[in-house]
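What follows is the residue order along each chain.
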Amino acid sequence: MALLDVRNLRKQFPVRKGILSRNLGFVRAVDGVGFTLNEGETLGLVGESGCGKTTVARCLLRLIEPTGGEVLFEGEDLLKMDREALRKVRAQFQIIFQDPYSSLNPRMTVAEIIAEPLRNHTRTSRGEIRDRVSLLMEKVGLHPEQARRYPHEFSGGQRQRIGIARALALNPRVIICDEPVSALDVSIQAQVINLLVQLQEEMGLSYLFIAHDLSVVEHISNRVAVMYLGRIVELATDQELYQNPQHPYTQALLSAVPVPDPGVCQRRILLQGDVPSPLNPPSGCAFHTRCPECERACANEEPIFRDLGNGHRVACHLR
Amino acid sequence: MRQDSLLSIRDLRTQFHTYEGIVTAVDRVSLDVYRGETLGVVGESGCGKTVTALSILRLLPSPPAEIQGEILFEGTNILDLDPDEMRRIRGNAISMIFQEPMTSLNPVLTIGEQISEAIRIHQGVTRQEAWRRAVEMLQMVQIPSPNARAHEYPHQLSGGMRQRAMIAMALSCHPQLLLADEPTTALDVTIQAQIVDLMQRLKDEFEASIVLITHNLGVIAGMAKRVVVMYTGKVVEQAQVKDLFREPLHPYTQGLLGSIPWMGRKLATGRRLLQEIPGIVPSPLEMPDGCRFHPRCSRAMEICGKEEPPLVQPDDGRKVLCWLWA
Amino acid sequence: MTEINKNVALRTQGRPANHQLWRSWAKVRRNKAALIGSILILIYFITALLAPVLFPGKPSAPNLIRSLERPSLEHPLGTDELGRSILGRIIHGSRISLLIAIGVVSVGLLVGVPLGLVSGYYGGKIDFGIQRVTDTMLAFPGFLLALALVAVLGVGLKNTVISVGISMVPIYIRLVRGCTLSVREQVYVEAARALGTRDVMILMRHILPNVMVPITVQTSLGMGTAILFAAGLGFLGVGVQPPTPEWGAMLGSGRAYLFHAPHVATFPGIAIFLAVLGFNLSGDGLRDALDPRFKL
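Just so it is clear, the model here is predicted, and its values are computed rather than measured.

1. Some remarks on the overall build of chain A
Item 1. From N to C terminus, chain A includes ten helices and twelve strands.
Item 2. Its C-alpha atoms give chain A a radius of gyration of 21 Å, within 12% of the compact-globule value 20 Å for 319 residues.
Item 3. Projected onto the principal axes, the alpha-carbon positions of chain A cover approximately 70 × 60 × 45 Å.
Item 4. Taken across its 319 residues, chain A has 50% of its residues classed as buried.
Item 5. Expressed as a percentage of contacts within chain A between residues at least 6 apart in sequence, the contacts between residues at least 24 apart total 63%.

Structure below.
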């Protein structure tokens, strides 16, 4: 059984305008997303701004309430749990945020920040908590003597490590990494990525790794899902995705990623125009307005998410 | 100085007087930009690349900033110019585009008004003429229905459109030099590709030179001919782009190149771990003695901690600031 | 210990933990107005604390023979209509005003802050209800509200504190609610929810500490306002009752003698002025000092 099984997750936001708050329509931020996450693996979720990947993360943890679907964690549907049961599950299912500057309370010491999950869920004594915090700090590469300092005394990369230590405090099964390295410098990114990989091997963690940088996602993930306008358009292993991308959007995305090699002459598939507004998504296949291979069927019918073999799934009429 | 040198920076030093001390953001930087080329400036936050660009255009309030050295633009030292002369250069001969298009565009003026403002000031034409040229520029940066768009406000455009509008504004007076400060960082990858493509075409069409400032080595590889690597306010390496990627000389450059994940790298190298540069960039008030990079350098020698390294020229067109090559 | 330890940051971006405090203090030092304000308040507090030492004896004991004397060596500020030393009454009056100020601000804090927190954090119907009541209260000028409450509750020290205090509550509610609304959106609050932190804990540990700065500034300014309002009520005769030496009441009773013995009203007036000025100046200075965006 998969550790995490998401089925047909949907989230729409109502759009209101005017004094009387007339309902203008809905923004379908997440429109039927489904995937599984197995133990010990990393599933990458990649897409550009507005594709809904951040909303998916919030919905999984019910930080935002989804409009529909199922989120099965170890067999139980999180969306049907009551508040108290959900609170207990949160010990197993953690998240690391993107912004190291706003994800830590500036008025709490590092020790208090890391100890918060322990205080919420366990009844350990103060001494035990102190020991556990020291252990966690060492695990993520920080000096335990600095536990009494405040977040503003640390650099961005170090703050991100604090956030990781906090997420690890209760030995979770799954960690959602929501753009954990996007706000960091290149050399610090490498440190944090390596840390995440090492922790995974050491603790048997499973990651849902969300990012817009395809290179980073491909590097750290075992399997990758590509999102566009609230839907998953392709899902495959990292190798398959890189060597054999099927969906035209994935192909364009791959060709657009700048390669740090001046010798390579990149043949870029340049997409026309911008991402359509999620308030007014195109009919049929959401990508058809920008697709270089668009055909008549694409504008009329939504494509089915089909399995092409060995787990490689695509939502495209032409594949 | 070569004949075709457009911009020549010699020993530029930009310091800020703060309550806690003097911060030297740019520390004796020298570089050249030749006609018709794209020079890449690479570095992480705090390396001084943005301050260098702002120093060229003298956009830093002085005090607290203090600029020393020479910046020769077509033979004239622009640090000596008076404010009026400087104003004639900005937006006209030297232009700049910034990282965040949303905050660099005036939210209460339409795109058309902002672009035509620059044209009117520098080229002294009528309002109608300036507007016509502004719309022409929007056309050149491939904004669809430029006539209609010119009447729109920045918040009505998408990120990619805003960046194009800013490029249009920067190129509206046909500058010889364009300073591009992280022009693609805030954009999605597919839009980034469009902008890179656009910048290259326009550069050829306008015969301009570009100083491309970014931390993204992939964009550098695609656009620049020569590259300068900066660290804590100094130039640590300078080379042709092919040489830099094939054979980086400075340990910092080596570390940078080793630490970026690129598509297919995991498959090619078989390793899940990236190469790391340990530690963090030192605070400007607590710079290490000797070579500023030595505490993080895996190849540091004893002399590295004592004396600052000399700028060595191992090859024609290559420069390194490192004891390993001295 | 694993490989990971080799990647330990070689140096914290460290300044000492009290660096922020030092910076704030440096900002206050530079601000001349705030410095003056702080000195005034300091004098005020010391006077209030050491009143019996500074002026031993009964400030309210009448001595009709010496009535309405001009300032002299024996009575530096003169005497009032009942022959009492004005200086003595002002000194002891500082105790009364301080008591009132602290009491008023306490009422405001104890009632206003929790209501503001709850209103801002939960939103919805709770917020709607609380805000409509707050709207109504804020529709009245503060002093009029206090006056109306005194009409209901009666006169005297206790009722003065309650009335002025209640008139200050809506200000705190609005202030705290506004700050709560913005802090609530911060990522670290979301992180706390993701960690399974209960709502009460979130309010106490995450929201409240981060709205303390504006609360502190408001409290400092509020002390000044409290003294002013209490003096106003006293002046009208509906605040602290004689013979208690409250500055406003002294001002009020001195009204009759404005032409031939102006010192009776003038000196209490100056005392009120200096106290309120002190709190206002230092409140502004405090706000600037605690604002991280305000560069040195």
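2. A few points about the overall build of chain C
Item 1. In terms of helices and strands, chain C carries eleven helices and zero strands.
Item 2. Going from the N terminus to the C terminus, chain C shows its helices and strands as α-α-α-α-α-α-α-α-α-α-α.
Item 3. Relative to its full complement of 296 residues, chain C shows a buried share of 43%.
Item 4. Look at the contacts in chain C between residues 6 or more apart in sequence, and 69% of them connect residues 24 or more apart.

3. Side note on the environment of H250 of chain B
Residues and elements named next belong to chain B.
Item 1. Its place among the elements puts H250 in the loop between α10 (241-246) and α11 (251-259).
Item 2. Through-space distance from the C-alpha of H250 to that of R132 is 50 Å; in sequence the pair is 118 residues apart.
Item 3. H250 has contacts with V229, V236, E237, V320, L321 and C322, leaving out every residue within four places of it along the chain.

4. Some remarks on the interface of chain B and chain A
Item 1. Each partner contributes residues to the interface: chain B has 40 residues there, and chain A has 36 residues.
Item 2. Those elements that provide at least two residues to the side of chain B that touches chain A are α8 (189-206), α9 (217-223), α10, α11 and α12 (265-269) of chain B.
Item 3. It is α8 of chain B that contributes the most residues to the side of chain B that touches chain A, six residues altogether.
Item 4. The residue inventory of the side of chain B that touches chain A, partitioned by class, reads 18 nonpolar, 14 polar and eight charged.

5. Focus on the packing of helix α6 (residues 142-153) of chain C against helix α7 (residues 157-184) of chain C
All names here are of chain C.
Item 1. Packing of α6 against α7 leaves a shortest axis separation of 8 Å and a crossing angle of 140°. Our classification of the angle between α6 and α7 gives oblique. For the crossing formed where α6 meets α7, the hand is right-handed. Contact with α6, carried on its side by G142, L145, A146, L149, V150 and L153, involves N159, I162, S163, V164, I166 and S167 of α7 and no other residues of that element.

6. With respect to the sheet that holds strand β7 (residues 177-181) of chain B
All names here are of chain B.
Item 1. If you walk across this open sheet you meet the eight strands as β6-β7-β8-β3-β9-β10-β12-β11, and the pairing is mixed. The strands lining the two open edges of the sheet, one partner per strand, are β6 (94-97) and β11 (311-315). This sheet shows a mean twist of 20° between the axes of neighbouring strands, independent of strand direction.
Item 2. Note that strand β10 (residues 234-240) and strand β12 (residues 318-321) share two bridges and pair antiparallel. The partner of Q238 across the bridge, within β12, is K319.

7. Focus on the environment of I130 of chain C
Residue and element names in this part refer to chain C.
Item 1. With respect to the helices and strands, the residue I130 is situated in helix α5 (residues 124-138).
Item 2. C-beta crowding within 10 Å serves as the criterion here: with 19 such atoms nearby, I130 is assigned to the partly exposed category.
Item 3. A sequence separation of eleven residues divides I130 from S119, and the C-alpha atoms of the two residues are 6.7 Å apart.
Item 4. Residues within four places of I130 in sequence aside, it is in contact with L115, S119 and I173.

8. A short note on helix α10 (residues 247-254) of chain C
Residue and element names in this part refer to chain C.
Item 1. Of all eight residues in α10, seven are buried; the element is thus mostly enclosed.
Item 2. Taken as a whole, α10 has its buried residues at W247, G248, A249, M250, L251, G252 and G254.
Item 3. Elements that come into contact with the buried residues of α10 comprise α4 (86-122), α9 (199-236) and α11 (263-290).

9. Regarding the confidence of the model for chain C
Item 1. Predicted confidence across chain C gives a mean pLDDT of 86, with 90% of residues reaching 70 or more.
Item 2. Across residues 1-15 of chain C the pLDDT falls below 50, and counting only partners more than four positions away or on other chains, this stretch makes 34 contacts in the model.

10. A short note on the sheet that holds strand β8 (residues 206-211) of chain A
Residue and element names in this part refer to chain A.
Item 1. On the basis of which strands lie adjacent, the open sheet formed by eight strands has the order β6-β7-β8-β3-β9-β10-β12-β11 and mixed pairing. The two strands at the open ends of the sheet, each matched to only one other strand, are β6 (93-96) and β11 (305-307). For this sheet, the mean inter-axis angle between neighbouring strands, taken without regard to orientation, is 20°.
Item 2. The strands touched by helix α9 (residues 248-256) within the sheet are β9 (223-228) and β10 (231-237), with β9 carrying the most contacts at an inclination of about 105°.

11. Topic: the packing of helix α3 (residues 110-121) of chain A against helix α4 (residues 126-139) of chain A
Residue and element names in this part refer to chain A.
Item 1. Two numbers describe how α3 lies on α4: the axes approach to 10 Å, and their chain directions differ by 115°. In this view, α3 runs roughly perpendicular relative to α4, as classed from their interaxial angle. Note on packing geometry: the crossing formed by α3 with α4 is right-handed. On α4, the residues touching A111, I114, A115 and L118 of α3 are I129, R132, V133 and L136.
Item 2. Taken together, the residues that form the contact of α3 with α4 break down as seven nonpolar, no polar and one charged.

About the thresholds
- Residues numbered from 1 in each chain as written.
- Chains lettered and ligands numbered in written order.
- Predicted model: local features only at pLDDT ≥ 70, side-chain atom pairs only at ≥ 80, totals over all residues.
- Helix = DSSP H or I, 4+ residues; strand = E, 2+ residues; numbered from the N terminus.
- Rg over C-alpha atoms; globule rule 2.2 N^0.38 Å.
- Buried ≥ 20, exposed ≤ 12 C-beta atoms within 10 Å, placed from the backbone.
- Contact = placed C-beta atoms within 7 Å.
- Nonpolar A, V, L, I, M, F, W, Y, C, P; charged D, E, K, R; others polar.
- Axes fitted to C-alpha atoms, helices over the stretch in contact; angles between N-to-C directions.
- Parallel < 35°, antiparallel > 145°, perpendicular 65-115°, else oblique.
- Left-handed = near helix turned anticlockwise from the far one by under 90°.
- Pairing = 2+ DSSP bridges.
- pLDDT = per-residue confidence, 0-100.

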